[in-house]
Amino acid sequence: MTISKKSKRLLLTFLNDLNHCNDDMSIFIKEKLKIETENYNEIYLEILPECENQNYCDFYGKLLIKELNQPKGVVFTPQVFADFLIDQFIELPEQPGFKFLDLGAGIGNFYFAMIRKIQEKLENEKRWTVKDIILNLKTIYSVELIEEFVIFQKIRAYFFFRKFFTQKEVFQIFEALVIYQHDVFSEIEVTTLTKTLVSNPTLSPKFFDFIISNPPYIGYRHISKSQKLYFKKNFASIYTGLNDISYYFFAHSLKLLKKEGKVVILTSRYFMEARYAKLLREILLKNTICTIIDIPNSNIFGKGINSVIIEIQKSKPLRTHAIKLKLIRKQKKQHDIIVGILHLPERKKLQAEFSGEVWNILTEKEEEIIKFLNLDSLPLNDIAKIGTGFHTGLDEVFIANIEKREEQYYGKVAGKQDYELESSLIKKIIKTTDILPYIVNFNDRYFLSVYRKNKIADYPKIRQYLENFRQRLENRYDCKKNGVKWYEIAQIRNQDIFDAKLKIVCPYRMVKPKFAIDLVGYYSSIDITMILPLKIDPYILVAYLNHPIVKQYILLTAKKLDGKKIELYPEYLRNLPIKKSLLVSNELLTQVQSNVKKIIHPENEESLSTFELQTQIDRTMSKILHVE
Ligand SMILES: C[S@@+](CC[C@H](N)C(=O)[O-])C[C@H]1O[C@@H](n2cnc3c(N)ncnc32)[C@H](O)[C@@H]1O
């Protein structure tokens, strides 16, 4: 069943009439639904029973999202999770007046978790009266951009209070509710029909005791120019053009908090690693970070978002302050994540150990691995050169269309006969999937390497083929901006690495790290990172890089992408620690070297399988590194 535009209007009408309605609300809806159109009976029959069960939020919330054409960055925080976080992080004071804000409240799952908490307290104290509720709820704010969600929260509030009080009393309570439609990044107040119900339209700085937020998931590409200008002006200390919108929710929350106030943010964990989030991390560290609950590869939202929960107090951190850390990995069920947060062991680490650099939350054992590998080591950059490959600007023309048949190379053009090509500019290329541990499995892919030093007049056949794509080639960025000729590839980086006789290659993005020796001099694009060993034996280096402890180090420290992939960009590899013990030759290293050669040159008679050889190499390398 889909919700129609009319149904959305129904929500608005419903609210409009809220103050004037004398009948019981459910009767009101019933009447409305009947009056509007017959078809709504169907919706009504589904919604109303759910409304009465208080479970309609999920149901109607989803319909609303559909009706609004999936507004940018919106997912609802599961109610169980919202309830749990409110219970975990908030302790209500004795007296009313606790200033709370659900920032970017959506359909108000945190806000209602808070109302429930207040209800429990007042009931306990036998003060669940209209007067006390009003007193307590006056300072509990919900702020949300999208009008329909705001209205929906009001419907929720109506049903919630109507269970306990008369309609007249509910309307009294409504006067105190601060469910507010507002763009927190705008100086202009939004005037809508909801305005009549808004009692306090100002969100003043240094006002709140506690803010909770699950900010929208909106990356820089989807932030408008005018919004970026607003952020640049108002959040200069963290601004980079690449920030997610959530970074400004952090900064804005800190502005709105009183001194010593706290904010809890549930968001994507990438801000702990992203290069462009360095300024944000630095600003956060000027405050006291109380808790970080890192939840990688888990599923709070049913959408594979890698989440983190962070609790920050607006106060200068003491030197001795330790952050409470929890790590909940690979939990697919909300329930298991909650159990993990409650029962997995907590670690503490001095805040002073954190900086603007990547925040990596690890177990004690994992930290030991990192310490171990860094001990007596030097960065790979000191003994090797690292870089990525070429960039054509139009892979279809320079790679995908090139074929080899019976020792002759051809360029394919749709609707025409294949063009024969001069072979001297054709290179063998490899892609990510061709790289296995230790060896490259070439898959018959070729690359037309017309570069600056080549005169196109010397290659008439290639020119004829390329002429078919001239307009598209001329339109490439590097042709327009960097003076690249229409028939040249856009950029060839690290020609010296390609020219070398032997190099190590690894995929730029992968699930499991793997490094191979390339003896052929394959070319590759930016999907592969290349290492040219200069002051270390390549066979020993490749064995080290493929060793389980190094792979584990990489999995722990490399940038994590969506899904289970990690990214091995050159800058990261340049800093990879290489044990100095690999640079001084000895018996064990010679054994490793010889076994790697056996894998790479299988033409030599070898009785052991590749797997057995790899196992032997790993064992010997473990002895060299002194690990079990
Ligand atoms: C991830 S959702 C939060 C969901 C909410 N916790 C719930 O359970 O319903 C983020 C919310 O922030 C709202 N939002 C986005 N930009 C906003 C802005 N500038 N001001 C206020 N709210 C905003 C979105 O409309 C969305 O409802």
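Keep in mind that this is a model prediction, so the values were computed, not measured.

Cut-offs used in this document
- Residues numbered from 1 in each chain as written.
- Predicted model: local features only at pLDDT ≥ 70, side-chain atom pairs only at ≥ 80, totals over all residues.
- Heavy atoms only, no water.
- Salt bridge = Lys/Arg side-chain N within 4 Å of Asp/Glu carboxyl O.
- Helix = DSSP H or I, 4+ residues; strand = E, 2+ residues; numbered from the N terminus.
- Buried < 20%, exposed > 50% of the residue type's maximum accessible area, 1.4 Å probe, protein only.
- Core = buried A, V, L, I, M, F, W, Y, C linked by side-chain atoms within 4.5 Å.
- Contact = heavy atoms within 4.5 Å.
- Arc of directions from axis to C-beta.
- Near = heavy atom within 4 Å.
- Polar contact = N/O pair within 3.5 Å; in protein donor to acceptor, adjacent residues only side chain to side chain.
- Areas by Shrake-Rupley, 256 points an atom, 1.4 Å probe, with all protein chains shown as cover.
- Pairing = 2+ DSSP bridges.
- Axes fitted to C-alpha atoms, helices over the stretch in contact; angles between N-to-C directions.
- Parallel < 35°, antiparallel > 145°, perpendicular 65-115°, else oblique.
- Left-handed = near helix turned anticlockwise from the far one by under 90°.
- Nonpolar A, V, L, I, M, F, W, Y, C, P; charged D, E, K, R; others polar.

As enumerated under the stated definition, the model contains 32 salt bridges in all. Where aspartate 87 meets lysine 117, a salt bridge forms, and the shortest distance between an N and an O atom there is 3.5 Å. Pair noted here: aspartate 87 is in helix α5 (residues 79-89) and lysine 117 is in helix α6 (residues 109-124), with a separation of 30 residues, a long-range link. Residue classification places aspartate 87 among the partly exposed positions, given a relative accessible area of 38%. Under the relative-accessibility criterion, lysine 117 is labelled buried at 13%.

A few words now on the nonpolar core. Membership of the largest hydrophobic core comes to 52 residues, with the highest contact counts inside it found for Phe81, Leu85, Phe100, Met114, Phe161, Leu177 and Ile309. Of all the elements, α6 adds the most residues to this core, at eight residues. In this view, phenylalanine 161 contacts Ile115, Trp128, Ile133, Leu137, Val170, Ile173 and Leu177; residues no more than four positions away in its chain are not counted. In terms of nonpolar packing, the next biggest core, distinct from the first, is built from 50 residues, Ile386, Ala558, Ile599 and Leu613 among them.

On to helix α16 (residues 460-467). In an α-helix, one turn spans 3.6 residues; hence positions three or four apart end up facing the same way. By the burial criterion, the buried members of α16 are Ile462, Tyr465 and Leu466. Down the axis of α16, the smallest arc covering the buried residues is 95 degrees, so these residues share one side. Those residues of α16 that are exposed and aimed more than 90 degrees away from the buried face are Pro460 and Gln464.

Phi at aspartate 444 is positive, roughly 60 degrees, even though this residue is not glycine. Classification of aspartate 444 by relative accessible area gives exposed; the value is 54%. Despite not being glycine, asparagine 494 shows a phi value in the positive range, around 55 degrees. By the secondary structure assignment, asparagine 494 is in the loop between α18 (477-482) and α19 (495-499).

Let us look at the site of the ligand. With respect to spatial proximity, 24 residues lie near the ligand, and among them Thr77, Ile107, Glu144, Asp183 and Val184 are the closest. Interatomic distance of 2.7 Å between a side-chain N/O atom of threonine 77 and a nitrogen atom of the ligand. Within the backbone of leucine 145, one N or O atom sits 3.3 Å away from a nitrogen atom of the ligand. Relative to its free-state accessible area of 600 Å², the ligand is covered by the protein chains to the extent of 98%.

What follows covers the sheet that holds strand β21 (residues 528-533). With antiparallel pairing, the four strands of this open sheet are ordered in space as β11-β21-β17-β19. Single-partner strands in this sheet number two, and they are β11 (384-388) and β19 (516-518). For this sheet, the mean angle separating the axes of adjacent strands, direction not counted, is 30 degrees. Across three bridges, strand β17 (residues 503-507) lies against β19 in antiparallel orientation. Each bridged residue has a counterpart across the sheet, and for isoleucine 504 the counterpart in β19 is isoleucine 517.

With that out of the way, let us pick up the packing of helix α23 (residues 587-600) against helix α24 (residues 610-625). As a packed pair, α23 and α24 sit with axes 9 Å apart at the nearest point and diverge in direction by 160 degrees. Viewed along their axes, α23 and α24 adopt a mutual orientation that is roughly antiparallel. As α23 packs across α24, the resulting crossing turns out to be left-handed. Only Thr610, Leu613, Gln614, Gln616, Ile617, Thr620, Met621, Lys623 and Ile624 of α24 make contact with α23, whose side of the interface consists of Leu588, Leu589, Gln591, Val592, Asn595, Val596, Lys598 and Ile599. Grouping the amino acids of the contact of α23 with α24 by side-chain chemistry returns nine nonpolar, six polar and two charged.

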